[in-house]
Amino acid sequence: MEDTIAAISTALGVGAISIIRVSGKDSIEIVNSLTKSKKLVEKASHTINYDYIMDGDKEVDEVLISVMKAPRTFTCENIVEINAHGGITTTNYILKLLLNNGCRLAEPGEFTKRAFLNGRIDLTQAEGIMNLIESQTEKSRNLAIKQLDGKVSNMISDLREDIIKVEANIDVNIDFPEYDDIEVLTNEKILPSLKDIREKMHKILENSRDGLLVKDGIKTSIIGKPNVGKSSLLNRLLHENKAIVTDIEGTTRDIVEGKISIEGILLNIIDTAGIRDTEDIVESIGVKKSLELINESDLILFVLNNNEELTSKEKEILDLLKKKNYIIVINKCDLEDKLVINDDNIVRISALEDEGIDKLKDKIKEMFNLEKIETEDFSYLTNARSISLLEKAEKDLNNIINNIDNNLPIDMIELDLRNVWNTLGEIIGESYDEELLDQLFSRFCLGK
Ligand code: GDP
């Protein structure tokens, strides 16, 4: 990390201002050499300074330059940020000057990676930064902010501390065998503590699933045979004419996607080709895909026509759905009732007359407990990496508890307990491998 890195931190394109960020021990000297005043090196830390960026004698741009000296900066290194006039040419020109004068182009996420490596933030906070950038709803933004301020990290650190306490109890027993009433120690101290830790882990995991809903939304598929009104329903939900509505059966060949927000939770909706036996190749690809989607979806809206009897194919699909989160949407309720069906999860609508769409939204809210999520104070894990590590820790801890129940000597479990502690450490990045870091930070945008 000896070299000084530079990158454009704002989105490339036409805008009022662009920011070029420089970090590393030589950043102030390098930028200073490009200024008209050549006085940047004399400026106090955390100041904004008016100047010109020069290419030899030529004025490149009139700029404001922020100087932030190590260690009280994002990367814990000297950081200089050049606020230039927006636009691609000026911004690139300044970046090129920096690269020709001793800076290296930063890799995506490298500023954040340095913040992590220099101990400024831990891994869950780094992931929080990425979630914040990617958040699409106010709620997912809130969640990311919590991750950023270290609440999630504290929760994991607390679990690790609890484990250390249990280890200390075991050590006392090993080091001072006069206390060796092992039965009492195990039953009165160690086992309850371990069960308590397991309980806490379980609670975090349970809530993390809600957290994922907030972050990624609910993957929703609209399925049903051709012409029941899937596209019309999608249009009603999206309030726009994105899907093509036609009278000809099987015309929704492509999968059409859209997003709506219910109580701040994103519903990622996919409208698929109708499910039916068909010779048409293009159509059948869509049909196969529909069946795949049933398996991948968090929620299935199965659309039926109120004006027709249930087909055998539809009955088959109903059976497939039983294991999933589904809502049967009976459409065309403005027409004569011919459909007979009994189920707890039915909502009756008319996409044509815009009837019942609110009832459908209410049903979704109820199903995913969105109102609870609305009021909940979130500080949970929100990415697959941390969740799978916590799941592993919970499973390992469970094994330990079972082993104790099976009278395995208490000192034998110490190593296993240490492994749980290490796994929790991986969540916050106390231990990590380079590959994981590269993979994680490469997902960031340039200049972050
Ligand atoms: P899809 O093939 O399932 O996507 O069905 P579409 O949304 O393309 O609709 C097929 C036909 O049914 C179109 O002519 C729609 O106008 C009509 N339709 C859709 N919803 C309703 C409804 O609630 N009532 C009535 N009467 N017709 C509808």
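Values in this document were obtained by computation on a predicted structure and should not be read as measured data.

Undergrad: It is not clear to me how the overall build of the protein should be interpreted in this structure. Could you clarify?
TA: Counting secondary structure elements, the protein contains 15 helices and 12 strands. Within the protein, buried positions represent 48% of all 448 residues. Look at the contacts in the protein between residues 6 or more apart in sequence, and 65% of them connect residues 24 or more apart. Of the roughly 22300 Å² that the protein leaves accessible, carbon and sulfur atoms contribute 48%.

Undergrad: Whenever I open this one, the pairing of strand β7 (residues 218-223) confuses me. Can you help?
TA: For a regular strand, the rule is simple: side chains alternate between the two faces of the sheet. A large share of β7 lies buried, amounting to 5 of its 6 residues. Where β7 meets strand β10 (residues 299-305), 4 bridges bridge the pair, whose relative direction is parallel. Following the sheet pairing, S221 is matched in β10 by I300.

Undergrad: How do you make sense of the packing of helix α8 (residues 230-238) against helix α11 (residues 357-367) when you look at a structure like this?
TA: In helix packing, the relevant descriptors are the interaxial angle and the interaxial distance, both defined with respect to the helix axes. Taken N-terminus to C-terminus, the directions of α8 and α11 make an angle of 80 degrees; their axes are 11 Å apart at the nearest point. By the angle between their directions, the pair α8 and α11 is classed as roughly perpendicular. Residues L233, R236 and L237 of α8 pack against I357, L360 and K361 of α11. Class assignment for the residues of the contact of α8 with α11 results in 4 nonpolar, no polar and 2 charged.

Undergrad: For this particular structure, what's the right way to read the sheet that holds strand β1 (residues 4-8)?
TA: Strand pairing in a sheet relies on backbone hydrogen bonds, with the paired strands running either antiparallel or parallel. Sheet architecture is open: 6 strands sit in the order β3-β4-β5-β2-β1-β6, paired in mixed fashion. Only two strands of the sheet have a single neighbouring strand rather than two, namely β3 (47-55) and β6 (103-105). When strand polarity is set aside, the average angle formed by the axes of neighbouring strands in this sheet is 30 degrees. Pairing of β1 with strand β2 (residues 17-23) involves 4 bridges; the strand directions are antiparallel. Within β2, the residue paired with A6 across the bridge is V22. The sheet contacts of helix α3 (residues 110-117) involve β1, β2 and β6, and relative to β1 the element is tilted by about 140 degrees.

Undergrad: Just to check I follow, could you spell out the pairing of strand β4 (residues 58-68) for this structure?
TA: As defined by bridge partners, β3 adjoins β4 across 9 bridges and the pair is classed as antiparallel. Paired with D51 across the bridge in β4 is V63. The turn joining β3 and β4, which pair antiparallel and follow one another in sequence, is formed by 2 residues; a positive phi near 65 degrees is taken by G56. Sheet topology note: the β4/strand β5 (residues 79-85) ladder contains 5 bridges and is antiparallel. Within β5, the position partnered with V67 by the bridge is V80.

Undergrad: What is the right way to read unusual backbone geometry from this model?
TA: Only a minority of non-glycine residues have a phi that is not negative, and only a minority of peptide bonds are not trans. Following A70, the chain continues to P71 via a peptide bond in cis, the omega torsion being 0 degrees. Locating P71 in the fold gives a position in the loop between β4 and β5. Located in the positive-phi region is K38, a residue other than glycine, with phi close to 55 degrees. Note on placement: K38 falls in the loop between α1 (27-34) and β3. Although it is not a glycine, K332 sits at a positive phi angle of roughly 65 degrees.

Undergrad: Is there a simple way to think about α8 in this case?
TA: Think of an α-helix as 3.6 residues a turn; residues three or four steps apart then line up on the same face. When you tally the buried positions in α8, you get 7 out of 9 residues, the bulk of the element. The set of residues buried in α8 consists of K230, S231, L233, L234, N235, L237 and L238. Positive phi shows up at H239, right after α8, with a value of about 55 degrees.

Undergrad: When you look at the packing of helix α4 (residues 123-134) against helix α5 (residues 138-148) in this model, what are you seeing that I'm missing?
TA: α5 packs onto α4 with a crossing angle of 155 degrees between their chain directions and a minimal axis gap of 7 Å. By the angle between their directions, the pair α4 and α5 is classed as roughly antiparallel. The handedness of the crossing between α4 and α5 is left-handed. Of α5, the residues touching α4 (which contributes T124, Q125, E127, G128, I129, N131 and L132) are R141, A144, I145, Q147 and L148. Classifying every residue of the contact of α4 with α5 by side-chain character gives 5 nonpolar, 5 polar and 2 charged.

Undergrad: Would you mind showing me how to read the side chain of K113 here?
TA: In this fold, K113 is placed in helix α3. Beyond its immediate chain neighbours, meaning those up to four positions away, K113 contacts E434, L437, D438 and F441.

About the cut-offs
- Residues numbered from 1 in each chain as written.
- Predicted model: local features only at pLDDT ≥ 70, side-chain atom pairs only at ≥ 80, totals over all residues.
- Heavy atoms only, no water.
- Helix = DSSP H or I, 4+ residues; strand = E, 2+ residues; numbered from the N terminus.
- Buried < 20%, exposed > 50% of the residue type's maximum accessible area, 1.4 Å probe, protein only.
- Contact = heavy atoms within 4.5 Å.
- Areas by Shrake-Rupley, 256 points an atom, 1.4 Å probe, with all protein chains shown as cover.
- Pairing = 2+ DSSP bridges.
- Axes fitted to C-alpha atoms, helices over the stretch in contact; angles between N-to-C directions.
- Parallel < 35°, antiparallel > 145°, perpendicular 65-115°, else oblique.
- Nonpolar A, V, L, I, M, F, W, Y, C, P; charged D, E, K, R; others polar.
- Left-handed = near helix turned anticlockwise from the far one by under 90°.

These values are about where atoms sit, not about what they do.
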